[in-house]
Amino acid sequence: MKIEININNNIEIHEVEPRVTLLDFIRDNVGLKGTHAGCEHGVCGACTVLMNGEAVRSCLVLAVQSMGDKIITIEGVNSEDSESGLLNIIQDAFCEKHGLQCGYCTSGMILTAEALLKVNTSPTREEVREAISGNICRCTGYVQIVDSIMLAADRLSKRNTSPDKS
Amino acid sequence: MKPAPFNYERPKTLDAVCDFLAKNSNSLILAGGQSLLPMLSMRLSRPSLLIDVAHVKGFEEIKKIGNTINIGPMVRQSVALESSVLKNHLPLLIKALPFVGHPPIRVRGTLGGSLVQADPSGEIPLVAVTLGAVFHIRDGNDNIEILARDFFLGPMLTAMPSSGCLYKISFPVSKYSKIGCGFHEIASRKSDYAFASTAVQIEQNENGKIETISLGIGGALDYPQVINISGYNEKKINLKLLKELISEALLNIDFVGDFHASASYRKRVTIKLASRSFSDALKEIGYI
């Protein structure tokens, strides 16, 4: 089947079999390798992408189902300046707070955090844990990941305030 | 881990869905896909055709008509959680939904898909049974109505005809002025398959008299079941009495025992969870 999906604001048109998941479409057809294949059956969260602004598992969606949806992967997460290669606030916070070690879960974690902070600008640690409860990290023990998301939330909420006041 | 090949159709009407079902005996309906996709990937399921019902007209609607809440099968769990109609009229469903999967699963997962999947530990089937929901199914040219408590027959086993399509779920609206409810479950980690889950709804009339008590149990049995609690009319209800009544009601129920949790553990924990759910419900109506 010939399908058309909007990925990181580019219309991607490819010929695929119906059985191809959105995950494999992104990695193999579009060639964006930042979305990671972990368990491929919806347990680990490594393949999380944003679909119409909400975090979903790309291994649990068929590419053919996503026709008409707007997908953002880790490569497109810096929507303000996607060409620059610069990190966005959440990505920066993960670096600063050591929110990763091997990095395999990180793209999923960041996109899950992105979806959370869009609807909840000042989450509690408990709410952050709830949001990332479907993303498995085998390195960090999650504490630094929660720290990273809390720091990102703080920075995002202060983004438009004058530096004098903070 | 890749699914075996299949064809894909995306019909826009219920008639077209039924046509595809009638013509292909090895076809499956794809709703949210959050349980079906893993089964396809592990090749536990090998349909020749997937019928994606996401674009069928009216399948995403939530409507209150008279004393009934009608829910389309494609209503996503995350959408249901934010629905003001459901918040006002089906508070038990709203309490249960946060236990369904993880947030990214609820974005895609649907109410209808979860009901037809009929996982014994599914929270939505449990609520449907507890609240006396009715499932509206189209099979060819026939419209069939099945009560939730007659629909579930065993683990992943339902009364759904092989060429049937669930097109509407109806929940009755309580006729009493006050509703209290509680939902509790236990799993090895949050949002995993529950070992035991309990749903309680208590309805009180304007004079403060408790009119109905509904207790549903899931996870611990082969399929969700309503447990009859009798003997509460004569006495003033308190938690101690309720615990006795629950234990009595569960005497002849066969609990599931497996690798994860023994039958006696499941029974013990069900009584505890049911007591907690009752406590929440009674607090909500200001009874305790």
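All values derive from a computational prediction rather than experimental measurement.

J.: Is there a simple way to explain the confidence of the model for chain B in this structure?
T.: Close inspection of predicted coordinates is inappropriate for parts of the model with low pLDDT. Summarising the model, chain B shows a mean pLDDT of 95, and 99% of its residues fall at 70 or more. Taken over the whole predicted complex, pTM reads 0.95, whereas the ipTM for its chain interfaces reads 0.93.

J.: I keep staring at the interface of chain A and chain B and nothing clicks. Help me out?
T.: On the chain B side, the residues contacting the 29 residues of chain A number 32 residues. Around 2400 Å² of area is buried between chain A and chain B when both sides are counted, 56% of it from carbon and sulfur atoms. For the pair chain A and chain B, the number of links is 3 salt bridges. A salt bridge links A:E40 to B:K2; its shortest N-O distance comes to 2.7 Å. The tally of links between chain A and chain B comes to 7 residue pairs in polar contact (both at pLDDT 80 or more). Those elements giving two or more residues to the side of chain A that touches chain B turn out to be β4 (54–57) and α4 (125–131) of chain A.

J.: Looking at this model, I keep getting lost on a nonpolar patch on the surface. Mind explaining?
T.: Residues and elements named next belong to chain B. Together, M1, M42 and L44 make up a nonpolar patch on the protein surface, roughly 310 Å² of accessible area in all. Note that L44 resides in the loop between α2 (36–41) and β3 (49–52). By relative accessible area, L44 is classed as exposed at 63%.

J.: Is there a simple way to explain the environment of A:D24 in this structure?
T.: Note that A:D24 resides in helix α1 (residues 22–30). Judged by relative accessible area, which is 11%, A:D24 ranks as buried. Separated by 46 residues in sequence, A:D24 and A:K70 place their C-alpha atoms 16 Å apart. Residue contacts for A:D24: discarding those within four places in its chain leaves A:N29, A:E40 and B:K2.

J.: Just to check I follow, could you spell out the sheet that holds strand β1 (residues 7–9) of chain B for this structure?
T.: Two modes of strand pairing occur in sheets, parallel and antiparallel, and in both the strands are linked by backbone hydrogen bonds. Residues and elements named next belong to chain B. Strand order across the open sheet formed by 3 strands is β1-β3-β2, with parallel pairing between neighbours. The open sheet has two edge strands, β1 and β2 (27–30), and neither has a second partner. Looking at each pair of strands side by side, their axes are set apart by 25° on average, direction ignored. Of the strand pairs in this sheet, β1 and β3 are connected by 3 bridges, and their pairing is parallel. Bridging from a neighbouring strand, E9 pairs with I51 of β3.

Criteria and cut-off values
- Residues numbered from 1 in each chain as written.
- Chains lettered and ligands numbered in written order.
- Predicted model: local features only at pLDDT ≥ 70, side-chain atom pairs only at ≥ 80, totals over all residues.
- Heavy atoms only, no water.
- pLDDT = per-residue confidence, 0-100.
- Contact = heavy atoms within 4.5 Å.
- Buried area = accessible area lost by both parts, 1.4 Å probe.
- Salt bridge = Lys/Arg side-chain N within 4 Å of Asp/Glu carboxyl O.
- Polar contact = N/O pair within 3.5 Å; in protein donor to acceptor, adjacent residues only side chain to side chain.
- Helix = DSSP H or I, 4+ residues; strand = E, 2+ residues; numbered from the N terminus.
- Patch = residues over 30% accessible without salt bridge, like charges linked within 9 Å, V, L, I, M, F, W, Y side chains within 5 Å.
- Areas by Shrake-Rupley, 256 points an atom, 1.4 Å probe, with all protein chains shown as cover.
- Buried < 20%, exposed > 50% of the residue type's maximum accessible area, 1.4 Å probe, protein only.
- Pairing = 2+ DSSP bridges.
- Axes fitted to C-alpha atoms, helices over the stretch in contact; angles between N-to-C directions.

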